[in-house]
Amino acid sequence: MKDTQKRIVYMDHAAATPVKGPVLEAMLPYFDRDFANPSTVYDLGFRIKRVMEEQRAKVAELIGADPEEIIFTSSGAEANNLAIKGTIFSRFRKAKRIIVSAIEHHSVLNSARFFERLDYEVTFLPVDKHGLVDSERLKQTLDQDTALVSIMHGNNEVGTIEPIRELAAICHEHGVPFHTDAVATIGSVEIDVRDMDVDLLSLSGPPLGAPKGIGALYFRKNTRLMPLIHGGIQERGRRGGTENVPGIVGLGKAAELAKSSLKERAAHLRRLRDTLITNILEGIPHVYLTGHPEKRLPGHASFCIEAIEGEALIFMLSQNGIYANTGSACASKALKTSPVLVALGIPAALAQGSIVFTLEETNSLDDIDYTMRHLPAVVERLRAMSPIWKNNAPVATMA
Amino acid sequence: MKDTQKRIVYMDHAAATPVKGPVLEAMLPYFDRDFANPSTVYDLGFRIKRVMEEQRAKVAELIGADPEEIIFTSSGAEANNLAIKGTIFSRFRKAKRIIVSAIEHHSVLNSARFFERLDYEVTFLPVDKHGLVDSERLKQTLDQDTALVSIMHGNNEVGTIEPIRELAAICHEHGVPFHTDAVATIGSVEIDVRDMDVDLLSLSGPPLGAPKGIGALYFRKNTRLMPLIHGGIQERGRRGGTENVPGIVGLGKAAELAKSSLKERAAHLRRLRDTLITNILEGIPHVYLTGHPEKRLPGHASFCIEAIEGEALIFMLSQNGIYANTGSACASKALKTSPVLVALGIPAALAQGSIVFTLEETNSLDDIDYTMRHLPAVVERLRAMSPIWKNNAPVATMA
Amino acid sequence: MYTEKVMEHFASPHNVGVIENADGVGEVGNPVCGDMMTFYIKVKDGIIEDIKYQTFGCVAAIAVSSQVTDMVKGKSIAEAKALTKKAVAEALGGLPKEKMHCSNLGAEALLEAIKNYEASISGEPAPAIQKSKRPKRHKICGSCGVKNPITANFCMGCGKGLE
Amino acid sequence: MYTEKVMEHFASPHNVGVIENADGVGEVGNPVCGDMMTFYIKVKDGIIEDIKYQTFGCVAAIAVSSQVTDMVKGKSIAEAKALTKKAVAEALGGLPKEKMHCSNLGAEALLEAIKNYEASISGEPAPAIQKSKRPKRHKICGSCGVKNPITANFCMGCGKGLE
Ligand SMILES: Cc1ncc(COP(=O)(O)O)c(C=O)c1O
Ligand SMILES: Cc1ncc(COP(=O)(O)O)c(C=O)c1O
Ligand code: FES
Ligand code: FES
């Protein structure tokens, strides 16, 4: 097949996902027709209020929660901030340690570190080379003085899925509340908050095909939670500001769709993922899979490719219409290797060659084919100009 | 004219405003077509990044700021929280007093009060019967220990516009940073942050015809500001979470429209407002205008009507297709009279009869006519069943 | 938010008004706090022959008043006394949680009217209407001594917070 | 983000490769930290006759390398020495702020190659390449003594924060 028109193979869904057609359609009336404020005392407002509560029920259903346990937020990051700051401030200085895994999203890491200046101690739980949090280490670290433990459900950079049920149980033995960031797992991994027995769980709209600007926090009934955004009585006093009704409708619709299609979707993603992993590991020499080989997100395939740099790699791929991500230092604004790759013990030079594919329902085996027609050549081109690549091998094996 | 089909006269724009046609149109491509994450390292992302920065420039231009002084938030409430908490936490416990006016929005009041449990003292500046903050009182109250002063630009419940330039100057004489909440004024009152000389200014999308779920904070260059939502490098490290690109595009478009139409819009609103005020004060006995008679928002007309209760009034009006708001205790979830009405010294029984009209470009003199055809009758009906209304007068004059 | 039944009552409330020369009058609430309900009853042979009310309050309060009159008109004093706020709320198809107190107001005002009636037939002076229940009207600021409305969160005089 | 000019260079970089028996070789950066650039020069009569490079780095680093070779090929050693990172960045139509250091790498690698050439013709032993600039490769954790990658923010051994 000759590519006459430029083909787009988008595989960076962890960074952004297009809003699904039925989701956008569901949202549209709420911008300019059914626009009333749900807190008002007249019929136009009641109607919106009712619609909003229906969406809350749909989101709750996706994760096995009760509707009143859902707070709508503006993003996964806000949900994470609310979970951590809301919990800590609600019992301020009653206990002064926060435990998070070393591979949390910035919004968790930095929310926790925010408390360092308020005399809290933040402990980072190390992970093994596959990115799994060591539950023994958690047991050793937990103490009377622990205010909260936050460990993500699935990692967005290396795809590893953590044993949340087990980790939460350890925390509860010590009476310590447990939060998990499920932004990476929502919609492709089954989540039941009762079964996982978590106290707080963050999710975000975009991974479900809802728009940017909407997310949610599950908080177990009777959990103490100080608002992050103080205001009036919206979200039962737990989050101020006029509710983002169109976004909420989008999230509700997306949750409903996700609930009904989760199993097939996960199966489809796993098939694509496994094909991509096999093809890359077999098709390109000196490439390593990052994260856990089995306990990983259905649509997640991540690698480190020796002797080349990720930003250049991603850029050159994009010139072929292929879109993926990287945790390379050069690709970050701070010019720092992704802390996740560091935490997995991946040497910095190898981490430079990081590439992350996150797949969606809309991807196909054709996309994988297309990728495999271009990726090996791109890698070869970059290696040809690399000073640390000689005689078809890295100058010094660094992995 | 006979009203055959139910006519809708919506005059509660402070609570919610429909998204403008051109605004929604501008947003649409960013949901499912141009959906990439602006932080990514490939062309699809750069393009979105560029679009986002264009919107930032438009918002900046509306208020005379530089683009890098604008942080996008999810609401006016978030902007207020960020302004207050961001300022206080950035110099935590360097100074331990926060001064706010007694008529601030909940998001300001409660953000300030949040610090009471962290050993801060919050001082509420009283206002006069028209809702004007006493600048002498501010001078007396300001001291070395003041960390921040926050006084709103325009009040959403009684419409009073505060002398921000003068108040900010007083604060700056003492080296104290000054924040103003401009959610109620944005788009209908001219705002120039340099001229007003404020350090922080909050605004919100809906009053401009942008959707719910988007707002912004202006912060003067080099102002110290701790993020409210910690995360990655979005908004130059000042607000984490994937940016709400469609919302941002909506806000940019709305700001552009507002900039070009501000003068005409304000004139139109003032004309409607003055007609409504005159008609109501002349057409219904025992009604009082609340807020300042002249220094008030162009589209804002607010009253207290003796011997009746606001929720019942609003409800009955809505049955005639007329939509307004009230600060009555019965209409609030907490069953408390609006603190703003209390701060103006309005007795609780009179405050029960609060009604607030907030107008928009889309309102017309016809709407006022229609209102005046129904409002007096509705008031009469409610008074007829009121135990504190006898012989065409309130039982005891309470104002 | 409100049920159909509440809306119906609100749209056309039954038995609104005053009974001149009522046998019993009951007044609860207080305009200073915002809510006020007055019930008037006419009693004959232990039966509430006529009942009317006036209400200064919200949609729920008005619907409750109307519902209460429907429920006890033509009933015996004993039956009327047994009316609970719960029964009123249920008859209305339920009320929002924060509005339950309005149904309380209705039941109480009726009870006050009955008490007033009973006191008058027993020859005793009618009990002062709800004197003991009249709430404080002011908060005195601890810092500057200024009298503040009962609903104030902070002092109108000096700006300090009030508890 | 990147200028047209950067993209052009990146899409088809000029002078990529190695010069066997180069007169001067300059290497800067360090693969442990992620960026590395090696320049090779062939000099005749004080003129840079040929120049090639290899780059392990980002889009900017590759474009910078390519741009540097364009700017000094056929130029005198003196001219080449005068090349500043600013001139390189400008020739590329500018670089994002956080990428300015990549243009620095380019100018430095060229300078190292020239120094290496000059040392060799002056008969002195070629200076050890950039020894002094080689950064630390590890952070030792103060709590448990474990060696950590230089980029680590916290200890891989005990989880404590590292500065
Ligand atoms: C004066 C004022 N400030 C802040 C807000 C909060 O804005 P938002 O609802 O966008 O969070 C409002 C909302 O009505 C307001 O009127
Ligand atoms: C694991 C994880 N948590 C949190 C977030 C933050 O979500 P949002 O961008 O919606 O704020 C992300 C975003 O990519 C994520 O991958
Ligand atoms: S080589 Fe790392 S940022 Fe350019
Ligand atoms: S009368 Fe005030 S809430 Fe019903």
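Residues numbered from 1 in each chain as written. Chains lettered and ligands numbered in written order. Predicted model: local features only at pLDDT ≥ 70, side-chain atom pairs only at ≥ 80, totals over all residues. Heavy atoms only, no water.

Chemist: Help me understand the site of ligand 1, please; the structure alone is not making it clear to me.
Modeler: In the vicinity of ligand 1, 13 residues are found, and the nearest of them are Thr242(A), Gly76(B), Ala77(B), Asp181(B) and Ser204(B). Positioned at a junction of chains, ligand 1 has nearby residues supplied by chains A and B. Measuring from an oxygen atom of ligand 1, one finds a side-chain N or O atom of Ser75(B) at 3.4 Å. Considered on its own, ligand 1 offers 390 Å² of accessible surface; in the complex 92% of this is hidden by protein. Per-element accounting of the shell around ligand 1 gives the leading share, three residues, to helix H4 (residues 76–90) of chain B. Considered class by class, the residues forming the shell around ligand 1 number four nonpolar, eight polar and one charged. (Near = heavy atom within 4 Å. Polar contact = N/O pair within 3.5 Å; in protein donor to acceptor, adjacent residues only side chain to side chain. Areas by Shrake-Rupley, 256 points an atom, 1.4 Å probe, with all protein chains shown as cover. Helix = DSSP H or I, 4+ residues; strand = E, 2+ residues; numbered from the N terminus. Nonpolar A, V, L, I, M, F, W, Y, C, P; charged D, E, K, R; others polar.)

Chemist: Would you take a moment to explain the sheet that holds strand S1 (residues 24–30) of chain D for this structure?
Modeler: Paired through their backbone hydrogen bonds, the strands of a sheet run either parallel or antiparallel. Residues and elements named next belong to chain D. Spatial strand order, S1-S2-S3: three strands in an open sheet with antiparallel pairing. The open sheet has two free edges, formed respectively by S1 and strand S3 (47–56), since each of these has just one partner strand. This sheet shows a mean twist of 15° between the axes of neighbouring strands, independent of strand direction. Sheet topology places strand S2 (residues 35–44) next to S3; nine bridges connect them, and they run antiparallel. Within the sheet, the bridge partner assigned to Ile 41 lies in S3 and is Ile 51. Where helix H2 (residues 59–72) meets the sheet, it contacts S2 and S3, and its direction lies at approximately 175° from that of S3. (Pairing = 2+ DSSP bridges. Axes fitted to C-alpha atoms, helices over the stretch in contact; angles between N-to-C directions. Contact = heavy atoms within 4.5 Å.)

Chemist: Is there a simple way to think about the interface of chain A and chain B in this case?
Modeler: Reports of interface size often rely on the accessible area that becomes lost once the parts have come together. Contacts between the two partners involve 65 residues from chain A, matched on the other side by 65 residues from chain B. Roughly 5,300 Å² of surface becomes buried between chain A and chain B when both sides are summed, with 69% attributable to carbon and sulfur atoms. Here chain A is connected to chain B by 22 residue pairs in polar contact (both at pLDDT 80 or more). Within the residue set of the side of chain A that touches chain B, elements represented by two or more residues are helix H1 (21–27), helix H2 (29–32), helix H3 (43–63), helix H4 (76–90), helix H5 (106–114) and helix H10 (310–318) of chain A. For the side of chain A that touches chain B, the element with the most residues is H4(A), which contributes six residues. Residues belonging to the side of chain A that touches chain B are distributed by class as follows: 32 nonpolar, 20 polar and 13 charged. (Buried area = accessible area lost by both parts, 1.4 Å probe.)

Chemist: Even after reading the chapter, I still don't get the packing of H4(A) against H5(A), so can you show me in this structure?
Modeler: When two helices pack together, their arrangement is given by the angle between their axes and by how far apart the axes lie. Residue and element names in this part refer to chain A. Here H4 crosses H5 at 25°, and the two axes come no closer than 9 Å. As judged from the angle between their axes, H4 and H5 are roughly parallel. Relative to H5, the crossing made by H4 is right-handed. Contact with H4, carried on its side by Ala 77, Asn 80, Asn 81, Ile 84, Lys 85 and Phe 89, involves Ser 107, Val 108, Ser 111, Ala 112 and Phe 114 of H5 and no other residues of that element. Its residues placed into classes, the contact of H4 with H5 shows six nonpolar, four polar and one charged. (Parallel < 35°, antiparallel > 145°, perpendicular 65-115°, else oblique. Left-handed = near helix turned anticlockwise from the far one by under 90°.)

Chemist: Would you mind showing me how to read the site of ligand 2 here?
Modeler: Taken together, the neighbourhood of ligand 2 is formed by 13 residues, with Gly76(A), Ala77(A), Asp181(A), Ser204(A) and Thr242(B) sitting nearest. This site is not confined to one chain, since residues near ligand 2 come from chains A and B. Between ligand 2 and Ala77(A) there is a distance of 2.7 Å, counted from an oxygen atom to a backbone nitrogen or oxygen. Side-chain polar atom of Asn156(A) to an oxygen atom of ligand 2: 3.2 Å apart, as the coordinates give it. The dominant element in the shell around ligand 2, judged by the number of residues it contributes, is H4(A), at three residues. In terms of residue class, the shell around ligand 2 is built from four nonpolar, eight polar and one charged.

Chemist: I keep staring at the environment of Asp35(C) and nothing clicks. Help me out?
Modeler: Turning to its location among the elements, Asp35(C) is positioned in strand S2 (residues 35–44). When the C-alpha positions of Asp35(C) and Cys102(C) are compared, they lie 8.6 Å apart, and in sequence the two are 67 residues distant. For Asp35(C), the residues in contact, after removing those within four places along its chain, are Cys330(B), Gln352(B), Val28(C), Gly29(C), Asn30(C), Phe56(C), His101(C) and Leu105(C).

Chemist: What is the right way to read the packing of aromatic side chains from this model?
Modeler: Aromatic ring pairs are defined here through the distance separating the ring centres and the angle between the ring planes. Considering all chains together, one arrives at 34 aromatic pairs over all chains under this definition. A centroid spacing of 4.8 Å and a plane angle of 80° characterise the contact between Tyr10(A) and Phe35(B), whose relative ring orientation is edge-to-face. Residue Tyr10(A) is located in strand S1 (residues 9–10), and its partner Phe35(B) is located in the loop between helix H2 (29–32) and helix H3 (43–63); the two belong to separate chains. Like Phe35(B), Tyr10(A) is buried. These aromatic residues form a ring-pair network of at least three members: Phe89(A), Phe92(A), Phe114(A), Phe115(A), Tyr120(A), Phe89(B), Phe92(B), Phe114(B), Phe115(B) and Tyr120(B). A cation over an aromatic ring shows up here: Lys85(B) above the ring of Phe114(B), its NZ or CZ 5.0 Å from the ring centre. (Phe/Tyr/Trp six-rings, centres within 6.5 Å; stacked < 30°, edge-to-face > 60°. Buried < 20%, exposed > 50% of the residue type's maximum accessible area, 1.4 Å probe, protein only. Lys NZ or Arg CZ within 6 Å of the ring centre and 35° of its normal.)

Chemist: Explanation requested: helix H13 (residues 365–384) of chain B in the structure shown.
Modeler: Since the α-helix advances by 3.6 residues per turn, residues separated by three or four positions end up pointing in the same direction. Residues and elements named next belong to chain B. Along its 20 residues, H13 runs 29 Å from first to last C-alpha, staying within 8% of the 28 Å computed at 1.5 Å per residue. Helix geometry: H13 is bent most strongly at Met 372, by close to 25°, with proline Pro 376 lying one to four residues after it. By the burial criterion, the buried members of H13 are Asp 367, Ile 368, Tyr 370, Thr 371, Met 372, His 374, Leu 375, Val 378, Val 379, Leu 382 and Arg 383. (Expected span 1.5 Å × (residues − 1). Bend = angle between axes of the 7 residues up to and from the residue.)

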